[in-house]
Amino acid sequence: MPFYGRAGKQLDKMVEYMRLSEEDWFVTNTVKCHPPENRKPKVHEIECCKPFLTAQIALLNPKLIILLGNTAERSYCPKRKLEWGVPVELDGRIVLKLYHPAALIYTASKIEVQRAFIDKNRELWQ
């Protein structure tokens, strides 16, 4: 399960704020197994899971990919550093980096910043 507990609830709030219906979005993890002790995945773990992530993206064929946090960014575009809340085109898709839901829990001041990113980019999914 990609998001559960407090982070899952925070993600639900974010999706609600984005005004997305259930059929409008899909969540996946960059790694397909949860690293021990909730640590960040190591590069070799990301690389081992990348073919599965690539296959999911190919099957779903999304026009927009929202990367939630730095780990997602490192997994999806390892040679590129994206700006928070600034959409870019990569491989024919629009990619937008937003804060990970857990970051919003630990740094509540980021919630308003995240909402500003969402408001500024609504046209990407409406």
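S.K.: Which residues make up the sheet that holds strand S1 (residues 64-68), and what values do they have?
M.R.: The mixed open sheet is built from three strands, whose spatial order is S1-S3-S2. Two strands close off the open sheet at either side, each with one partner strand: S1 and strand S2 (88-90). This sheet shows a mean twist of 40 degrees between the axes of neighbouring strands, independent of strand direction. Bridge count between S1 and strand S3 (residues 93-98): five bridges; the pairing is parallel. Looking at the pairing, Leu68 lines up with Leu98 of S3.

S.K.: Outline the environment of Arg6, supporting the account with residue identities and numerical values.
M.R.: If you trace the backbone, Arg6 turns up in helix H1 (residues 5-18). By relative accessible area, Arg6 is classed as exposed at 57%. Residues Arg6 and Trp25, spaced 19 residues apart in sequence, show a C-alpha to C-alpha distance of 20 Å.

S.K.: Could you give an account of the packing of H1 against helix H5 (residues 110-121), with specific residues and numbers?
M.R.: For any two helices packed against each other, the geometry is given by the interaxial angle and the distance between the axes. The N-to-C vectors of H1 and H5 enclose an angle of 35 degrees; their axes lie 10 Å apart at closest approach. In this structure, H1 meets H5 at a crossing whose hand is right-handed. Residue-level contacts link Gln10, Met14, Tyr17 and Met18 of H1 to Ile111, Gln114, Arg115, Ile118 and Asp119 of H5. Classifying every residue of the contact of H1 with H5 gives five nonpolar, two polar and two charged.

S.K.: Please give an account of H5 that cites residues and values.
M.R.: The terminal C-alpha atoms of H5, which comprises twelve residues, lie 16 Å apart, in line with the 16 Å expected from a rise of 1.5 Å per residue. Residues Gln114, Phe117, Ile118 and Asn121 constitute the buried set of H5. An end-on view of H5 places all buried positions within 95 degrees of arc, on one side of the element.

S.K.: Outline the pattern of salt bridges, listing residues and values.
M.R.: Applying the stated criterion to the full structure yields five salt bridges. Between Asp119 and Arg122 there is a salt bridge; the shortest N-O distance is 3.1 Å. Residue classification places Arg122 among the buried residues on the basis of a relative accessible area of 9%. Beyond isolated ion pairs, a larger network of salt bridges with shared partners links Glu73, Lys81 and Lys97.

S.K.: Describe the pairing of S3, listing the residues and the values that go with them.
M.R.: Of all six residues in S3, five are buried, a share of seventy percent or more. Pairing of S2 with S3 involves three bridges; the strand directions are antiparallel. In the strand pairing of S3, Leu90 is matched with Arg93. Linking S2 to S3, which pair antiparallel, is a turn of two residues; within it Asp91 sits at a positive phi near 50 degrees.

S.K.: I'd like a rundown of unusual backbone geometry, residues and numbers included.
M.R.: The backbone of Asn61 sits at a positive phi, close to 50 degrees, despite the residue not being glycine. Structurally, Asn61 can be placed in the loop between helix H2 (43-60) and S1. Overall, the relative accessible area of 52% leaves Asn61 in the exposed class. Within the chain, Asp91 stands out as a residue other than glycine whose phi angle is a positive 50 degrees. Looking at where Asp91 falls in the secondary structure, it is placed in the loop between S2 and S3. Judged by relative accessible area, Asp91 falls into the exposed class, the value being 74%.

Calculation notes
Residues numbered from 1 in each chain as written. Predicted model: local features only at pLDDT ≥ 70, side-chain atom pairs only at ≥ 80, totals over all residues. Heavy atoms only, no water. Pairing = 2+ DSSP bridges. Helix = DSSP H or I, 4+ residues; strand = E, 2+ residues; numbered from the N terminus. Axes fitted to C-alpha atoms, helices over the stretch in contact; angles between N-to-C directions. Buried < 20%, exposed > 50% of the residue type's maximum accessible area, 1.4 Å probe, protein only. Left-handed = near helix turned anticlockwise from the far one by under 90°. Contact = heavy atoms within 4.5 Å. Nonpolar A, V, L, I, M, F, W, Y, C, P; charged D, E, K, R; others polar. Expected span 1.5 Å × (residues − 1). Arc of directions from axis to C-beta. Salt bridge = Lys/Arg side-chain N within 4 Å of Asp/Glu carboxyl O.

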